[in-house]
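# What the coordinates show
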Amino acid sequence: MRDKHIVLIEDEPNIAEAIRFILSREGVRVTHHASGAGALAMLQAERPDVLVLDLMLPDRSGLEILAELRAAPAFAALPVLMLTARGQNRDREAAERAGASAFLAKPFANADLLAVVRELARGGA
Amino acid sequence: MPFNILVAVSLLYVVVLFGVAFVAERRARGGLAGWLRSPLVYTLSLSIYCTAWTFYGAVGYAARSGLEFLTIYLGPTLVFVGWWWVLRKLVRIGRAQRVTSIADLISSRYGKSNFLGVLVTLMAVLASTPYIALQLQSVTLSFGVFASDTPEGWALPDQGATALWLAAGLTLFTILFGTRNLDANERHHGIVMAIAVEAVVKLVALLAVGIFVVWGVAGGVADVLARIDASAISDWNLKPGRWAGLTFVSAAAILTLPRMFQVMVVENADERHVATASWAFPLYLMLMSLFVVPIAVVGLEIMPAGSNPDLFVLTIPLSAGAGKLALLAFLGGFSSATSMVIVAAIALATMVSNHIVTPLWLALRVGSARAPGDVRGIVLMSRRLSIGAVLALGYTYYHLSGGSAALAAIGLISFVGAAQVLPAMIGGIYWRGATHVGAAMGLITGFGIWLYCLFLPSFGADGLISTQVMAEGPFGIGWLRPQALFGIVGLDPLLHALFWSILLNTATFLIGSLASFPGPMERLQGVAFVNIFDQSSGPGGWVKSAAEAEDLLSMSQRILGPEEAQRFFQAQAAAQGKLGFLPDPTPDFIARLERQLAGSVGAATSHAMIAQLSGGATVSVQDLIAVAGEAQQIKEYSAQLEAKSDELARTARALREANDKLTDLSVQKDAFLSQISHELRTPMTSIRAFSEILMEVDLPDEMRTKYAGIIHDETRRLTRLLDDLLDLSVLENRRVQSNIGVANLHDLLSKAVTSASNTRPDRAFVVQRDAASEHMPVFTDTDRLLQVFINIVSNARKYCDAERAVLRIEVKKRGRIVEIDFIDNGSGIPKKSQALIFEKFARLTDTSHAGGAGLGLAICREIMANLGGSIDYLPGQGGAAFRVRLPLKRAS
């Protein structure tokens with residue numbers, strides 16, 4: 001997990017703070033963005049190993065961003081963890097259809113988050 | 001008065017009548033019948049009952065027999081006032097069965113028997129001919145009165161010529177207007193109108209003469225009464241037998257005289273007219289008889305002895321020098337005579353042509369040309385010839401008899417002859433058991449007795465019956481003496497003939513009917529006549545049937561469907577003890593089949609269809625009318641079905657709309673739940689994550705404090721959210737407990753500004769107010785109103801993005817409403833979002849600063865609705881602007 005780079009797109013500042021804390025302790029570099037605007041360009045610049053993406057963002061939906069990524073060859077295989085506060089099966093299915101690698105409903109256990117990200121980072125490496 | 005002027009006036013009058021008839025005919029043809037078919041015209045046309053016999057003869061009758069003349073008016077009055085339901089039934093039958101004459105009525109009722117038609121026609125011609133002669137004579141006599149110098153001299157050299165001209169003129173008029181068309185309903189608007197005009201003329205004439213006699217010749221009512229008292233008429237004693245007999249015979253005549261039947265039934269345009277006529281016609285008769293006795297009494301007194309009392313109506317005005325009045329009286333008599341002759345000629349000609357000439361012609365030409373157009377021409381021609389023949393007969397009778405008897409006597413003889421139809425007619429419309437045989441027997445018996453006892457002897461001693469026979473009976477058989485049948489002597493000859501003819505007529509009619517069985521057609525017609533007001537055609541009774549069971553089956557299959565038809569036929573065959581599907585077509589079976597089919601297609605159609613297959617019976621016009629009626633019902637029913645299906649479509653549309661609404665609501669509910677879930681889970685995520693962090697790691701104190709602070713904030717956020725949700729739920733259900741109080745608006749605004757100041761307290765924020773305009777009391781739920789104000793001010797503090805944020809509060813009073821505008825100097829809300837901001841969870845920007853769940857404005861809107869006011873976004877103010885409208889007093 002060390003030296004891995006994770007980009008987090010999350011609009012809730014407190015949640016972003018918590019995730020950053022949890023992942024940073026493991027030696028991962030975490031870059032946080034509060035909005036999905038210009039996500040593709042940003043990711044092109046950041047070249048993360050894993051993307052943690054909130055489903056409901058104020059300006060655009062996480063699903064849209066994911067679909068855009070999967071359409072681009074550079075990110076077709078990028079491991080993406082989708083977070084959602086709505087937690088219904090519908091959202092889980094929508095996320096899978098859009099190409100999410102993993103899915104977590106808020107609120108989540110810190111350990112679960114860590115395990116999923118670790119798994120994704122290993123697969124994607 | 002010069003004879004030429006008289007002729008000229010008569011001709012002019014005739015020309016006017018022609019004109020009236022012509023115009024009426026034109027209007028009727030143009031569909032402008034209108035008042036031509038009024039009850040008044042109907043009633044006036046009935047007045048052909050009052051012929052020249054009534055016009056001239058009643059006075060003579062009164063002079064000879066006192067008040068007995070009243071019986072002639074009494075009979076019809078009784079019928080019209082007391083028995084009008086008989087008339088109504090006759091009229092209804094006449095219209096339903098398309099009856100063209102009284103002979104047709106009898107023939108049609110008794111199974112369309114042409115024998116009866118011929119019989120009644122012959123009787124009618126025989127009884128009416130003297131009557132027509134009588135009219136010719138009365139007109140000729142009245143001409144004579146004017147022509148001679150002395151009132152009593154009425155012998156005119158060319159008397160015969162006058163009658164001949166008259167007969168020819170009447171023939172022309174009748175043919176012109178009586179045979180113009182051959183409508184099924186046989187109505188003659190022109191003639192009816194002319195008759196109505198003549199009815200007025202004769203009434204006016206008689207009343208004028210009466211008034212002249214009472215107030216011109218005599219000295220008024222009292223004087224006339226005194227003269228009556230002094231005259232022989234007051235010595236008259238009522239003879240009960242004769243009184244009752246004459247009343248009866250005139251009552252019968254009004255129903256059975258061919259001409260009365262013609263105007264009463266055939267020419268009737270509307271059944272309701274009978275109701276009017278039931279009082280108006282007796283009134284007419286009453287007016288006609290009003291002055292009869294005064295004229296008779298004064299005439300007897302002032303006219304020379306030996307003058308003919310039948311002509312008093314003319315001779316009194318003449319002798320008093322009132323020439324013009326005499327002329328009017330002459331026209332009255334002329335009208336009476338001509339109208340009767342015209343209608344009688346039409347009625348008789350219809351009968352003769354329909355029952356004698358046309359059947360004869362068809363019988364002679366059977367097998368050759370049978371084109372309908374051909375027959376039509378024949379019928380018209382035969383009718384025209386018949387009119388000529390009837391008038392020629394009348395003229396011949398007049399020529400031969402030459403004024404043999406007093407006018408009234410001929411009239412009564414004719415009445416008794418016509419009355420012979422009464423038993424067959426009344427029996428036919430009220431008794432289903434009356435048969436053809438009974439009717440024929442009754443008619444022949446009654447008519448024979450009338451001929452023998454009354455008609456033939458009326459030609460005078462040694463006229464047609466020798467004096468010897470009169471005195472001793474034929475072949476010396478005493479009990480067959482014409483005026484003393486069965487040895488009953490001393491009876492008045494008229495009463496004697498009436499009594500025996502009607503008695504034996506009725507008796508043989510009853511016996512004959514009971515002893516014989518009606519044929520199928522007769523039974524059908526009997527039901528149709530007797531039950532005319534039920535109008536159900538009833539069971540026809542298929543006595544003998546040529547229908548083949550196979551034909552019946554194939555027809556039934558089309559109507560009932562193959563399975564049901566086969567089942568029915570099989571069951572019927574089994575009931576007859578036969579195997580298979582084809583029962584014998586017994587009458588019983590066919591009747592049952594007809595009922596079965598009637599359930600599907602209606603009684604009349606079923607009857608008509610079976611009739612076609614069973615051959616013998618014909619489909620009557622009434623059957624066809626009933627079929628049409630049922631078809632109409634089916635049409636109406638299908639229209640109802642159509643309406644129902646429209647209604648169903650409307651219901652379906654409403655249901656679809658309701659369903660759309662429900663689906664919409666369900667989508668909204670899902671979105672709402674999903675939103676709540678998101679709003680609850682978001683703070684809980686932070687709380688959980690940080691509490692786990694705090695639990696497992698050793699953290700520096702400052703971080704521990706920071707994370708505990710986050711947890712604390714997030715729990716407060718959760719609590720606020722839950723409070724808002726509950727608040728909104730209560731408000732939306734309108735279950736809010738209003739806590740009405742009074743407060744100064746200025747104080748409320750100040751409190752709101754203060755309370756909101758802890759929202760982004762770090763920020764410089766200027767509130768501009770005009771205290772003077774804010775001071776006013778508001779009666780409302782002040783806590784709720786304050787909540788709205790705080791919300792708006794906090795929003796401004798949160799979202800106003802100006803460098804130096806300024807909020808302006810303006811208060812305006814508009815009548816009983818106060819408007820409070822909150823306007824900031826930020827960039828405002830984009831137009832497309834203005835409609836959204838009052839919706840739940842409609843947070844426009846990123847949540848980081850908001851600290852709420854986006855329910856604030858939704859709650860504000862609900863509160864203002866609860867307070868009877870409103871909150872709206874005010875566009876075009878430079879920044880975000882909200883207007884709160886509030887009634888100064890909350891209506892409870």
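Read on for an overview of the structure. (Residues numbered from 1 in each chain as written. Chains lettered and ligands numbered in written order. Predicted model: local features only at pLDDT ≥ 70, side-chain atom pairs only at ≥ 80, totals over all residues. Heavy atoms only, no water.)

### Quick word on unusual backbone geometry
- Residues Lys-106 of chain A and Pro-107 of chain A are joined by a peptide bond in cis, for which omega reads -10 degrees.
- Relative to the helices and strands, Pro-107 of chain A is located in the loop between β5 (102-105) and α5 (110-124).
- Despite not being glycine, Arg-47 of chain A shows a phi value in the positive range, around 50 degrees.
- Examined against the element boundaries, Arg-47 of chain A turns out to sit in the loop between α2 (39-46) and β3 (50-54).
- At Arg-760 of chain B, a position not held by glycine, the phi torsion is positive, near 45 degrees.
- With respect to the helices and strands, Arg-760 of chain B occurs in the loop between α30 (745-756) and β4 (765-768). (Helix = DSSP H or I, 4+ residues; strand = E, 2+ residues; numbered from the N terminus.)

### Here we look at the interface of chain A and chain B
- Contact residues are listed per partner, giving 23 residues for chain A and 26 residues for chain B.
- With both chains or domains summed, chain A and chain B bury close to 2,200 Å², and 55% of this area falls on carbon and sulfur atoms.
- Contact with chain B buries area across many residues of chain A, yet Asn-14, Phe-21 and Pro-107 of chain A alone supply 24% of it, more than any other trio.
- Glu-17 of chain A is the salt-bridge partner of Lys-706 of chain B, the closest N and O atoms lying 3.5 Å from each other.
- Counting every contact that joins chain A to chain B gives 11 residue pairs in polar contact (both at pLDDT 80 or more). (Contact = heavy atoms within 4.5 Å. Buried area = accessible area lost by both parts, 1.4 Å probe. Salt bridge = Lys/Arg side-chain N within 4 Å of Asp/Glu carboxyl O. Polar contact = N/O pair within 3.5 Å; in protein donor to acceptor, adjacent residues only side chain to side chain.)

### A look at the pattern of salt bridges
- Evaluation of the coordinates by the stated rule reveals 21 salt bridges over all chains.
- Note that Glu-64 of chain A is salt-bridged to Arg-60 of chain A, the shortest N-O span being 3.8 Å.
- Beyond isolated ion pairs, a larger network of salt bridges with shared partners links Arg-808, Glu-810, Lys-812, Arg-814, Glu-819, Asp-821, Arg-883 and Arg-885 of chain B.

### Here's the deal with the side chain of Glu-68 of chain B
- Here Glu-68 of chain B lies in the loop between α3 (52-65) and α4 (70-82).
- Among the polar contacts made by the side chain of Glu-68 of chain B, one reaches the side chain of Arg-242 of chain B at a distance of 2.7 Å.

### Some details on a nonpolar patch on the surface
All names here are of chain B.
- A cluster of nonpolar side chains, contributed by Trp-83, Trp-84, Trp-85 and Tyr-430, occupies part of the molecular surface with about 450 Å² of accessible area.
- Along the polypeptide, Tyr-430 turns up in helix α19 (residues 422-430).
- Tyr-430 gets classed as partly exposed once you look at its relative accessible area, which sits at 35%. (Patch = residues over 30% accessible without salt bridge, like charges linked within 9 Å, V, L, I, M, F, W, Y side chains within 5 Å. Areas by Shrake-Rupley, 256 points an atom, 1.4 Å probe, with all protein chains shown as cover. Buried < 20%, exposed > 50% of the residue type's maximum accessible area, 1.4 Å probe, protein only.)

### Looking at the sheet that holds strand β6 (residues 805-814) of chain B
Residues and elements named next belong to chain B.
- Judged by pairing direction, the sheet is mixed, and its five strands sit side by side in the order β4-β6-β7-β9-β8 without closing on themselves. The sheet is open, and its two borders are formed by β4 and β8 (870-873), each paired with just one other strand. Strand-to-strand, the axes of this sheet are offset by a mean angle of 15 degrees, without reference to chain direction.
- Of the pairings in the sheet, the one linking β4 to β6 comprises four bridges and is parallel in character. Residue Val-767 lies in a different strand from β6, and its bridge partner there is Leu-807. (Pairing = 2+ DSSP bridges. Axes fitted to C-alpha atoms, helices over the stretch in contact; angles between N-to-C directions.)

### Describing the nonpolar core
Residue and element names in this part refer to chain B.
- Ranked by internal contacts, the top residues of the largest apolar core, which has 168 residues, are Leu-46, Tyr-49, Ile-106, Leu-255, Phe-415 and Leu-443.
- Here this core gets 19 residues from one element, more than from any other, and that element is helix α16 (residues 323-364).
- Shared between two domains, this core holds at least three residues of each, these being domain 1 (3-364 + 371-420) and domain 2 (421-535).
- Ignoring any residue separated from it by four or fewer positions in sequence, one finds Leu-443 in contact with Ile-106, Leu-116, Leu-119, Val-120, Met-123, Gln-420, Val-421, Ala-424 and Asn-505.
- The next biggest cluster of nonpolar side chains, apart from the first, holds 50 residues, and it includes Leu-721, Leu-749, Cys-800 and Phe-822. (Core = buried A, V, L, I, M, F, W, Y, C linked by side-chain atoms within 4.5 Å. Domains from an automatic or database assignment.)

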